[in-house]
Amino acid sequence: MKAFLKAVTWMAAAVSGLVVWNVAPDFRPLVSSILAAAFVCYVLSVIVEVTVKRVISDEQVELRSRLEVLDRKVTAILRDAFERRRLR
């Protein structure tokens, strides 16, 4: 649904830009500047999104390895406590 709304928004912007482009030629520099700025902002947001996903993925891998070490330690402690209790 999000992709559909995004596509509809871009199409509406394109149609309105074409209308302004053809009806009011005095606004052509404004329309082209807005389109260029929108494209640059879109590209920058995609770059930021990809970078953030990589950083989060790296952090998740590190946390997973730390959790595995912690799990082994807790398992060893619990196993030791269980064997001590069983010997009583």
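For the structure given in this document, a descriptive report is provided here.

Thresholds, definitions, all that
- Residues numbered from 1 in each chain as written.
- Predicted model: local features only at pLDDT ≥ 70, side-chain atom pairs only at ≥ 80, totals over all residues.
- Heavy atoms only, no water.
- Helix = DSSP H or I, 4+ residues; strand = E, 2+ residues; numbered from the N terminus.
- Rg over C-alpha atoms; globule rule 2.2 N^0.38 Å.
- Buried < 20%, exposed > 50% of the residue type's maximum accessible area, 1.4 Å probe, protein only.
- Areas by Shrake-Rupley, 256 points an atom, 1.4 Å probe, with all protein chains shown as cover.
- Lys, Arg positive; Asp, Glu negative; His and termini not counted.
- Charge placed at Lys NZ, Arg CZ, Asp CG, Glu CD.
- Patch = residues over 30% accessible without salt bridge, like charges linked within 9 Å, V, L, I, M, F, W, Y side chains within 5 Å.
- Salt bridge = Lys/Arg side-chain N within 4 Å of Asp/Glu carboxyl O.
- Phe/Tyr/Trp six-rings, centres within 6.5 Å; stacked < 30°, edge-to-face > 60°.

Topic: the overall build of the chain
Working step 1: Tallying secondary structure elements over the chain gives two helices and zero strands in all.
Working step 2: Expected size for 88 residues packed as a compact globule is a radius of gyration near 12 Å; at 28 Å, the chain overshoots this value by more than 25%.
Working step 3: Across its three principal directions, the C-alpha atoms of the chain cover 95 × 25 × 10 Å.
Working step 4: By the burial criterion, 3% of the 88 residues in the chain qualify as buried.
Working step 5: When the accessible surface of the chain is totalled, it reaches about 8300 Å², and 68% of it is carbon and sulfur.
Working step 6: Placing the 14 positive and 9 negative side-chain charges of the chain at their respective mean positions leaves the two points 6 Å apart.

Observations concerning a nonpolar patch on the surface
Working step 1: A surface patch of nonpolar side chains, about 800 Å² in accessible area, is lined by W10, F39, V40, Y42, V43, L44, V46, I47 and V50.
Working step 2: Of all the elements, helix α2 (residues 28-87) adds the most residues to the nonpolar patch, at eight residues.
Working step 3: Within the fold, L44 resides in helix α2.
Working step 4: What makes L44 partly exposed here is its relative accessible area of 48%.

Structural notes on the pattern of salt bridges
Working step 1: Here the structure, examined in full by the defined rule, presents three salt bridges.
Working step 2: The salt bridge involving K53 is made with E49; its shortest N-O contact spans 3.3 Å. You can see K53 and its partner E49 sitting in helix α2, four residues apart, about one turn around the helix.
Working step 3: With a closest N to O distance of 3.5 Å, D80 and R84 form a salt bridge. Remark: R84 and D80 occur in helix α2; sequence separation between them is four residues, near one turn of the helix.

Remarks on the packing of aromatic side chains
Working step 1: For the structure on display, the rule yields one aromatic pair.
Working step 2: Note on W10 and Y42: the rings are 6.0 Å apart at their centroids and 80 degrees apart in plane angle, and the pair reads as edge-to-face. Here W10, found in helix α1 (residues 2-23), pairs with Y42, found in helix α2; they are 32 residues apart in sequence, far enough to count as distant.
Working step 3: Residue classification places Y42 among the partly exposed positions, given a relative accessible area of 36%.

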